[in-house]
Amino acid sequence: MRLDKYLKVSRLIKRRTVANEACDNGLVTVNGRAQRASYEVKPGDRISLSFGARTLTVEVVSVQETVKQADAATLYREIREE
């Protein structure tokens, strides 16, 4: 699944166009490297999102085309960095 679509399906970013722009602006990294929206997400990938001064890092647990809003958080595991 494309990175921008994964960010939308997992509800990490609300809209796919916003996810696409975040990728274009270098605010999204996968496994420590800035990636384009067309990057194919795989289980085990670590995605970091920069929101101003805050950075959210998650590990991809599973990739599904559709998921209910209540189950969206099961697609990833949040990683606490110290």
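Preceding block: the structure.
Quantities reported herein were computed from a predicted structural model and do not represent experimental measurements.

### Quick notes on the sheet that holds strand S3 (residues 46-51)
Thinking step 1. The strand order across the open sheet built from five strands is S2-S1-S3-S4-S5, with neighbouring strands paired in antiparallel fashion. Both edges of this open sheet fall to strand S2 (33-34) and strand S5 (76-79), since each of them pairs with a single strand only.
Thinking step 2. Relative to S3, strand S1 (residues 28-30) runs antiparallel, the two being bridged by three bridges. Residue pairing in the sheet places Val 30 in a bridge with Ile 47 of S3.

### Concerning the side chain of Ser 62
Thinking step 1. Within the secondary structure layout, Ser 62 lies in the loop between strand S4 (54-60) and S5.
Thinking step 2. Owing to a relative accessible area of 19%, Ser 62 belongs among the buried residues under this scheme.

About the thresholds
- Residues numbered from 1 in each chain as written.
- Predicted model: local features only at pLDDT ≥ 70, side-chain atom pairs only at ≥ 80, totals over all residues.
- Heavy atoms only, no water.
- Pairing = 2+ DSSP bridges.
- Helix = DSSP H or I, 4+ residues; strand = E, 2+ residues; numbered from the N terminus.
- Buried < 20%, exposed > 50% of the residue type's maximum accessible area, 1.4 Å probe, protein only.

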